[in-house]
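Here are the chains, one letter per residue:
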Amino acid sequence: MKWSKSKIGFAIFVYILIYYSLFGSFLILFSKIINFKEQWYIIFLVLYFPLVAVITWTYHVCITSNPGFIPLITVEEIGEFEEYFEFCEKCNSSRPIGSHHCKTCKKCILKMDHHCVWITNCVGLCNQKYFIQFLVYLELMCIFNLLIILVNIVDLVDKDYHLDSYIFERNSLYFIFVNFLISVLFLLFVCIILINQIWAIVRGNSKIDELKKIKFKKLTMKENLREQTLGNHYKIRSHMTP
């Protein structure tokens, strides 16, 4: 998959947003453990590094994975399965029914849901699982950050800490405020996208199919999860990691 300059730039921008938020939490934890000798904050620190790892990995998989690009298919190759295909004038090629053309990727995608600017990639049949994993871990990141901020504020109120006693002095309030703002915005935004993805799985149709009011054979939620989203391997580990 070729990466354009805009794709690389936007991916770096998203990484900066994520790591800035996570780094803000790290500063709070580090300050508490080192300056105030509150060792129980180590529990948060133990959870911090695995969270950073899974978010980094799932985002990398989302932006680099093949969403289900369809190669050029001639009418002769379809043969007796013609009823299951339609013709794409933009690609000048046949494609399975239910596929859609992405004007950004300039290719047809199997069960294309939408082109996501945040992962600079399409969400389709082959990477929807990874996209949902990324959204879930982002939600956990936001909850994690907000929990740390809340505990930190409670400590400030209960123990009457002075700003000068912080390692980062007055800048700590800046980190707390910006981290809080980013976490809340991420939490709300990602929650909306995640709900849309879950609704698409429940309905068995992609977002584009819903907009175009295209209906296919109705699958149960379990069938849709097994056959189209998560695959046939019903193992918890396979759904938590790409």
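Cut-offs used in this document
Residues numbered from 1 in each chain as written. Predicted model: local features only at pLDDT ≥ 70, side-chain atom pairs only at ≥ 80, totals over all residues. Heavy atoms only, no water. Core = buried A, V, L, I, M, F, W, Y, C linked by side-chain atoms within 4.5 Å. Buried < 20%, exposed > 50% of the residue type's maximum accessible area, 1.4 Å probe, protein only. Helix = DSSP H or I, 4+ residues; strand = E, 2+ residues; numbered from the N terminus. Contact = heavy atoms within 4.5 Å. Salt bridge = Lys/Arg side-chain N within 4 Å of Asp/Glu carboxyl O. 1 Å grid on protein atoms, 1.4 Å probe; cavity = no way out; pocket = protein on both sides within 12 Å on 5 of 7 lines; lining within 4 Å. Points joined across faces, edges and corners; volume = space filled by probe spheres on them. Nonpolar A, V, L, I, M, F, W, Y, C, P; charged D, E, K, R; others polar. Pairing = 2+ DSSP bridges. Phe/Tyr/Trp six-rings, centres within 6.5 Å; stacked < 30°, edge-to-face > 60°. Patch = residues over 30% accessible without salt bridge, like charges linked within 9 Å, V, L, I, M, F, W, Y side chains within 5 Å. Areas by Shrake-Rupley, 256 points an atom, 1.4 Å probe, with all protein chains shown as cover. Expected span 1.5 Å × (residues − 1). UniProt positions renumbered as here; feature names shortened; annotations may be inferred.

> Help me understand the nonpolar core in this model?
In summary, soluble globular proteins display a tendency toward joint burial of nonpolar side chains. The biggest cluster of nonpolar side chains holds 34 residues, and the ones touching the most others in it are Ile18, Tyr59, Ile119, Phe131, Phe134 and Met141. If one sorts the elements of this core by residue count, helix H4 (residues 128-159) sits on top with 11 residues. Beyond its immediate chain neighbours, meaning those up to four positions away, isoleucine 119 contacts Lys7, Tyr59, Cys62, Ile63, Phe131 and Phe134. Membership of the second largest hydrophobic core comes to 6 residues, among which are Phe69, Cys102, Cys122 and Ile208.

> I tried to follow the pattern of salt bridges on my own but got confused; where do I start?
A side chain of one charge can pair with a side chain of the opposite charge when the charged atoms of the two come close. Taken as a whole and assessed by the stated rule, the structure comprises 1 salt bridge. For arginine 95, the salt bridge is made with glutamate 86, and the minimal N-O distance between the two is 3.0 Å. The class for glutamate 86 is partly exposed, based on a relative accessible area of 30%.

> Would you explain empty space enclosed by the protein in this entry?
Rolled over the atoms, a probe as big as a water molecule pinpoints where empty space is left. Using the criterion set out here, one finds 3 cavities of 30 Å³ or more in the structure. As a volume, the largest cavity reaches approximately 110 Å³. If you go around the largest cavity, you meet 13 residues; those closest to its centre are Trp118, Phe134, Leu138, Phe189 and Val190. Listing elements by their share of the lining of the largest cavity, those giving two or more residues are H4 and helix H5 (171-203). Here the residues of the lining of the largest cavity are counted per class, giving 13 nonpolar, no polar and no charged.

> Explanation requested: the environment of phenylalanine 180 in the structure shown.
You can see phenylalanine 180 is positioned in helix H5. Assessed through its relative accessible area of 41%, phenylalanine 180 is described here as partly exposed. Between the C-alpha atom of phenylalanine 180 and that of isoleucine 148, which follows or precedes it by 32 residues, the distance is 9.8 Å. Those residues in contact with phenylalanine 180 that sit more than four places away from it in its chain are Leu146 and Ile149.

> Mind showing me how you'd approach the pairing of strand S1 (residues 85-88) here?
On a regular strand, one side chain projects to one face of the sheet and the next to the other, so that they alternate. Strand direction decides the pairing type here: S1 and strand S2 (residues 93-96), joined by 4 bridges, are antiparallel. Bridged to glutamate 86 within S2 is arginine 95. Once S1 ends, the chain turns through 4 residues before running back antiparallel as S2, passing asparagine 92 with a positive phi of about 55°.

> So what exactly am I meant to see when it comes to the packing of aromatic side chains here?
In this description, an aromatic ring pair is defined by two values, namely the gap between the centres and the angle between the planes. Summed over the entire model, instances satisfying the criterion amount to 5 aromatic pairs. An angle of 85° between the planes, with centres 5.1 Å apart, marks the rings of tyrosine 48 and phenylalanine 49 as edge-to-face. On the basis of relative accessibility, which here comes to 8%, the residue tyrosine 48 falls in the buried class. Considering the side-chain rings of tyrosine 48 and phenylalanine 144, the 6.5 Å spacing of their centres and the 40° angle between planes classify their relative orientation as tilted. Note that tyrosine 48 is positioned in helix H2 (residues 42-64) and phenylalanine 144 in helix H4, a separation of 96 residues in sequence. A relative accessible area of 9% means that phenylalanine 144 is categorised as buried.

> Could you clarify how one ought to interpret a nonpolar patch on the surface in this entry?
Together, Ile8, Ile12 and Ile16 make up an exposed nonpolar region whose accessible area comes to about 270 Å². Residue position: isoleucine 12 is located in helix H1 (residues 5-35).

> I keep staring at H2 and nothing clicks. Help me out?
For an α-helix, 3.6 residues make a turn, and residues three or four places apart therefore share a direction. With 23 residues, H2 should reach 33 Å at 1.5 Å per residue; the first-to-last C-alpha distance of 34 Å fits that figure. For H2, the complete set of buried residues consists of Phe44, Tyr48, Leu51, Val52, Ile55, Thr58, Tyr59, Val61, Cys62 and Ile63.

> Honestly, the UniProt feature "transmembrane region" (unreviewed entry) in the protein in this entry has me stumped. Any pointers?
In this structure's numbering, the residues bearing the UniProt feature "transmembrane region" (unreviewed entry) are residues 12-34, 40-59, 134-154 and 174-202. What you have in residues 134-154 is 100% helix and 0% strand, and the ends, taken at the C-alpha atoms, are 30 Å apart.

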